[in-house]
Each structure stands twice: as structure tokens, then as C-alpha cells.
Amino acid sequence: MLLKLLGFIVVVFLIYIFFFKNKRKDEIEKSKNDSKKLEGDTMVECKQCATFVSHNEAIIKDGCFFCSKECAGVPR
Ligand SMILES: [Zn+2]
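Here's a quick rundown of the structure. (Residues numbered from 1 in each chain as written. Predicted model: local features only at pLDDT ≥ 70, side-chain atom pairs only at ≥ 80, totals over all residues.)

## Quick word on the overall build of the protein chain
A count of helices and strands for the protein chain gives two helices and four strands. Burial status across the protein chain gives 7% buried among its 76 residues. Counting contacts in the protein chain only where the partners sit at least 6 residues apart, residues at least 24 apart contribute 3% of the total. (Helix = DSSP H or I, 4+ residues; strand = E, 2+ residues; numbered from the N terminus. Buried ≥ 20, exposed ≤ 12 C-beta atoms within 10 Å, placed from the backbone. Contact = placed C-beta atoms within 7 Å.)

Written as C-alpha cells, this is what we have:
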């Protein structure tokens, strides 16, 4: 009887560990994707002409985003 109970606890424990591990893996993958998204595909609005450009292409001047050097007021 005690052995059966022990076996049952072990099985439940293993199932719990299995699901817990999978959940953690998913969360790690999710957070990875989120940070990737933030670095790459985030759209920012040009302060001058209100055009949306990707974070990578945006020009940052005085803490504001601009779509081009012309909008940022950078002399050519
Ligand atoms: Zn612009």
C-alpha cells in the first residue's frame, strides 16, 4: 500500500517536472522573441513628418526619432 502511494507520488512528481520544464522553455523562447522584436521590428514615428520607420533605420537626435537626415536637420 505504502509502495503504491510512493509510486503514485513519484509519477505525479515526474509529470509536474515535465510540464514545468516545458513551460519554462516556452517562456524563455517567448522572451527571446520579444527582445528580438524590440531590437529589430519596432516602428518609431518621425518627429518631423510623422512617418513610421523601423527602429534600425531611424535616426536618433536629441532623444527623438527621425526618418531621414533631412527630417533630423542634419546638414548634407
Ligand atoms: Zn521624417
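## Topic: the environment of glutamate 70
For glutamate 70, the location among the structural elements is in helix H2 (residues 69-72). A sequence separation of 22 residues divides glutamate 70 from glutamine 48, and the C-alpha atoms of the two residues are 9.3 Å apart.

## Section: the nonpolar core
General note: in soluble globular proteins, nonpolar side chains tend to be found buried as a group. With five residues, the main nonpolar core is built from Ala58, Phe65, Phe66, Cys67 and Cys71. Not counting chain neighbours up to four residues away, the residues in contact with phenylalanine 65 comprise Val44, Glu45, Cys46, Lys47, Ala58 and Ile60. (Core = buried A, V, L, I, M, F, W, Y, C linked by C-beta atoms within 7 Å.)

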